There are 2 protein chains.
Amino acid sequence: MTGREERPRGRRRNRGEAASKPVLDQMPWRQPVYQDPPIEPLDEEGVEKIHATAMRILEEIGIDFLNEEAKAVLKKAGADVDPNGDRVRMDRDFVMDRVRRAPAQITITPRNPDRSIVWGGRHTTFGNVSSPPNVTDLDHGRRTGTREDFRTLLKLSHAFNCIHFVGGYPVEPIDIHPSVRHLDAILDKLVLTDKVIHAYCLGTERVEDAMEMVRIAAGLTHEEFDARPRMFTNINSSSPLKHDWPMLDGAMRMARRGQPVLVTPFTLSGAMAPVTLAGAIAQQTAEALAAIALLQEINPGVPVGYGAFTSNVDMKTGAPAFGTPEFMRATQMSGQMARFYRLPFRSTGANAANFPDGQAVWESMNSLFGATTAHANVIYHAAGWLEGGLLASMEKFVMDCEVLQQIAYYHQPVVVDDATLAFDAIAEVGPHGHFFGVAHTMERYRTAYYAPFLSDWSNFETWMEAGGRTVHERANTLWKKIVAAYEAPPMDQAIREELEAFVARRKEEGGAPTDF
Amino acid sequence: MTGREERPRGRRRNRGEAASKPVLDQMPWRQPVYQDPPIEPLDEEGVEKIHATAMRILEEIGIDFLNEEAKAVLKKAGADVDPNGDRVRMDRDFVMDRVRRAPAQITITPRNPDRSIVWGGRHTTFGNVSSPPNVTDLDHGRRTGTREDFRTLLKLSHAFNCIHFVGGYPVEPIDIHPSVRHLDAILDKLVLTDKVIHAYCLGTERVEDAMEMVRIAAGLTHEEFDARPRMFTNINSSSPLKHDWPMLDGAMRMARRGQPVLVTPFTLSGAMAPVTLAGAIAQQTAEALAAIALLQEINPGVPVGYGAFTSNVDMKTGAPAFGTPEFMRATQMSGQMARFYRLPFRSTGANAANFPDGQAVWESMNSLFGATTAHANVIYHAAGWLEGGLLASMEKFVMDCEVLQQIAYYHQPVVVDDATLAFDAIAEVGPHGHFFGVAHTMERYRTAYYAPFLSDWSNFETWMEAGGRTVHERANTLWKKIVAAYEAPPMDQAIREELEAFVARRKEEGGAPTDF
């Protein structure tokens, strides 16, 4: 800031076009690096106590692993596996030995290597909203998602430079049969974007198909794919204290091939976890480390991440709340635990609002303030989430991206030197002028400040003359323009055909089994 | 948090009433204390460089003091005063000697001593929007302010426990003649609220009348009034590098009677200050310290505060921008300078939006994030501000208070002990239950979490059944309920009559002279 700010490149010239104004005048692709130290509500003793409680949970209470293979691996490694059930108890030496095998930093390389991302240290990344069944926009209102909505949200995810990875489905494409949905959905993700993508752990075939398609899309041999992270998955424990079959199966398959696994317990305090934050974080930690220990046993050194999603329920109604003060503190405490274990940290941008209004924004911003001050390396659901994750909003997506870009801009170094101290300019202007015309200003004004693509700073009269439109109404116009101007990232024709042939073949084979 | 949270007292019982639900179910009055360390973008060298530049500005360029009395005081104290103009140059030893006389912490005691506030250290306070000429609400739209609007906003300022002081006029009551406006306005402030109030420095009579009325309202002798801070003022420099007559006159009058003066240069980077933040903060510092040195010369040890309002203009249009990344960094840098000089620090909650929508909220939240991470002790305009300060919004006032209350809640200690770690509860529930019914939850759930008064966490169906109303629409309902249920704080009848007699007498005398 104040000296070497980044600036929307569209201001200068967009891809060699004439001076036509681009639809989206944004900052260039860049992975932000936190400039401030993390905020740490726990002292050293607090961290140790939560760690000790997590270890006691793993040793004395244990975790249910609903997966025979996982239990066999852990039993062979020396864990105490209930012969008549699913309970697994691990002692702290075993757990910590395995956790220490994990790398503190991960680089994931997608089919476009220029879109590689780093998870760890002070690096952060933002992802789109993932997994809601419903979608909304101001024109058509709330409805179940379709492949068209899914593609629209992928185009937005691709278009915005502040979206660094594509998480789960930005909306569930309900109009595709579940047996083959993953094939069409992953094809769309790989064709419409070139950023790092996520695959769901929802059954063997789906995970294996996803890995194969990412491999094909990047033009890799199997060995090249396995050699480094190319994609990732995220698994949730079934809190309290349980890991389900498909999550474990998928995570183990990804881990065997060296692909990163984020482990994110969904510990709603007061419902699936203790009503007190310290207890909820202890339980979250036990659940996360249990799966991480398993994966490190299977493939020592495989990249994993510690995920946090501890929030609380409204105790009057049982409804989950997000972006609350508790959510912020839980996130910061979780970040401390992740650093204690030297693991990349995943957090979330979330809210419980039903409309892209002020509440949606203050809850999302609280979430993002919590996540960034916790030094989260992976911020899921950072754009487009509404209604506690049940709803993707086109307008909220664009609004969130304006906020995300500001966060990226904020995390640039502040420069203090003779040029920025500007003594000579202050002397030149003195008490009887202004700075608009002086050389010090003229040399810098084009790139001096953050330039929004959505915020409207015009005065009331000008704003009214332009229609007096709220920010969500302006976002409605903008997302449609962005989608209309969308250009797919280049993909080799042979690769495209190979991907489509794979999808066709797997569809012929029936895709993945479904329960219905 | 998680153990000794504060909770809306309405949950228990409101003023001994039966269990009727209060209109506003809020947290009790409390002055928040920052729990986290400040965020400091400058290293020690950066602070020193800005300080050194500010000192050079004061020594080599100087500040125009458009006030003969101020110039006489400074000349007598040894400053270099231009005999043919208004320029005053002060050397750094003089300035720093005078600045060091100021107390690092201030307590201000209003007519209700239970509403005393502390400025300094980790203490913070939030104030209402101040000084816009216009007011808006969803029912009637934007219009110039009247005494009725002014009173409505005072009632809101009184009703919300998260508003700790009443700044300038929350909207200008344009329907009262300027010569007597201050008399009616200060009467309303003193009658409708019992919190610390501000008085404008807009002419000798207005300042003297305000001090006299605050004295009468608190039932104090002149000696008691002068003995400690009872109210405050805020002056702005006329940037660049100029202090105008009325501000200096009022500030000197307040200082002589021991009343606190905040000095807040309004240094819009790129217009009235250098385009680079470091230079803008150096200029802001020079302007603030110049006035502070004068006031400490007049009354050594008088309470003063260092105010920051450095933001930037949109270089395309010249419109001021607020709540930008630059605004946040400028605020944090300013907080560092205030701590360097051991002065209480004043900042601002601001935005440039024209409607209480998502943009208004993200800009306000950026401002508040900047202010709180800068450890601002005084946060002006924290509720109700829109349109760069030209517009007070009833709905935004209520929305902002929901955010302010969350900030207050966030700044409570996180407790980690055996009770909050909840190992026994986790063991009791195990992997096959939930925490809703266990004793650990039942003992705590009533007071466990932040409870909003405006946020709606219901699911989409319930929200739609209740009308599908946005947060600004709900805020519209709530502010009207709060105003309808408003009860004035008690005031002794004799004091009320004395105040009214004072106002009547001063009106007969013509009030304050006006230019028109």
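Anyway, here's the lowdown on the structure attached to this text. (Residues numbered from 1 in each chain as written. Chains lettered and ligands numbered in written order. Predicted model: local features only at pLDDT ≥ 70, side-chain atom pairs only at ≥ 80, totals over all residues. Heavy atoms only, no water.)

Quick notes on the nonpolar core
Alright, step 1. Among the nonpolar cores identified, the biggest contains 290 residues, and Phe65(A), Met90(A), Phe160(A), Phe65(B), Met90(B) and Phe160(B) are the most heavily contacted of them.
Alright, step 2. In this structure, Phe160(B) is in contact with Leu24(B), Gln26(B), Lys195(B), Phe397(B), Val398(B), Cys401(B), Phe453(B) and Ile482(B), ignoring residues within four places of it in sequence. (Core = buried A, V, L, I, M, F, W, Y, C linked by side-chain atoms within 4.5 Å. Buried < 20%, exposed > 50% of the residue type's maximum accessible area, 1.4 Å probe, protein only. Contact = heavy atoms within 4.5 Å.)

Considerations on the layout of surface pockets
Alright, step 1. One number sums up the size of the largest pocket: a volume of about 980 Å³.
Alright, step 2. Grouping the constituent residues of the lining of the largest pocket by class yields 15 nonpolar, six polar and eleven charged. (1 Å grid on protein atoms, 1.4 Å probe; cavity = no way out; pocket = protein on both sides within 12 Å on 5 of 7 lines; lining within 4 Å. Points joined across faces, edges and corners; volume = space filled by probe spheres on them. Nonpolar A, V, L, I, M, F, W, Y, C, P; charged D, E, K, R; others polar.)

Side note on the relation of the copies chain A and chain B
One copy of the chain maps onto the second through a rotation about an axis and a displacement along it.
Alright, step 1. Relative to chain B, chain A is turned by 180° and slid 0.0 Å along the rotation axis, the superposed coordinates differing by an RMSD of 0.0 Å. As the rotation angle and translation indicate, the two copies are arranged about a two-fold axis. Relative to the rotation axis, the C-alpha of Gly358(A) is the closest in chain A, positioned 2.3 Å from it. (Least-squares fit on C-alpha atoms with pLDDT ≥ 70 in both.)

Brief notes about the interface of chain A and chain B
Alright, step 1. In this complex, chain A contributes 108 residues to the contact, which on the side of chain B involves 109 residues.
Alright, step 2. Counting the surface lost from both chain A and chain B, the interface buries some 9500 Å², and carbon and sulfur atoms represent 69% of this.
Alright, step 3. By the criterion of area lost to chain B, the three top residues of chain A are Trp362(A), Tyr449(A) and Trp457(A), representing 10% of everything that side buries.
Alright, step 4. The tally of links from chain A across to chain B stands at four salt bridges.
Alright, step 5. One salt bridge connects Asp36(A) with Arg329(B), and the closest N-O pair in it is separated by 2.9 Å.
Alright, step 6. Looking at the side of chain A that touches chain B element by element, the count peaks at nine residues for helix α11 (residues 358-373) of chain A.
Alright, step 7. Along the lines of polarity and charge, the residues of the side of chain A that touches chain B split into 55 nonpolar, 32 polar and 21 charged. (Buried area = accessible area lost by both parts, 1.4 Å probe. Salt bridge = Lys/Arg side-chain N within 4 Å of Asp/Glu carboxyl O. Helix = DSSP H or I, 4+ residues; strand = E, 2+ residues; numbered from the N terminus.)

Focus on the pattern of salt bridges
Alright, step 1. Under the definition given, this model contains 66 salt bridges over all chains.
Alright, step 2. Salt-bridge contacts for Asp184(A) lead to Arg147(A); the nearest nitrogen and oxygen are separated by 3.6 Å. A residue pair is termed long-range when its members are at least 10 positions apart, and Asp184(A) in helix α5 (residues 178-192) and Arg147(A) in helix α4 (residues 147-159) qualify at 37 residues.
Alright, step 3. A residue is classified by how much of its surface remains accessible, and Asp184(A), at 7% relative accessible area, is buried.
Alright, step 4. A salt bridge links Asp249(B) to Arg253(B); the nearest nitrogen and oxygen atoms lie 3.1 Å apart. With Asp249(B) and Arg253(B) both in helix α8 (residues 245-256) and four residues apart, this pair spans about one turn of that helix.
Alright, step 5. Overall, Asp249(B) belongs to the buried group, its relative accessible area being 4%.
Alright, step 6. Within the structure, one salt-bridge network assembled from shared partners comprises Arg147(A), Arg151(A), Asp184(A), Asp188(A) and Lys507(A).

Overview of helix α12 (residues 394-410) of chain B
Alright, step 1. Counted at 1.5 Å a residue, the expected span for α12(B) with its 17 residues is 24 Å, and the 25 Å between its end C-alpha atoms agrees.
Alright, step 2. Among the residues of α12(B), the N-terminal cap falls to Ser393(B), whose side-chain oxygen and the backbone nitrogen of Glu395(B) are separated by 3.3 Å. (Expected span 1.5 Å × (residues − 1). Polar contact = N/O pair within 3.5 Å; in protein donor to acceptor, adjacent residues only side chain to side chain.)

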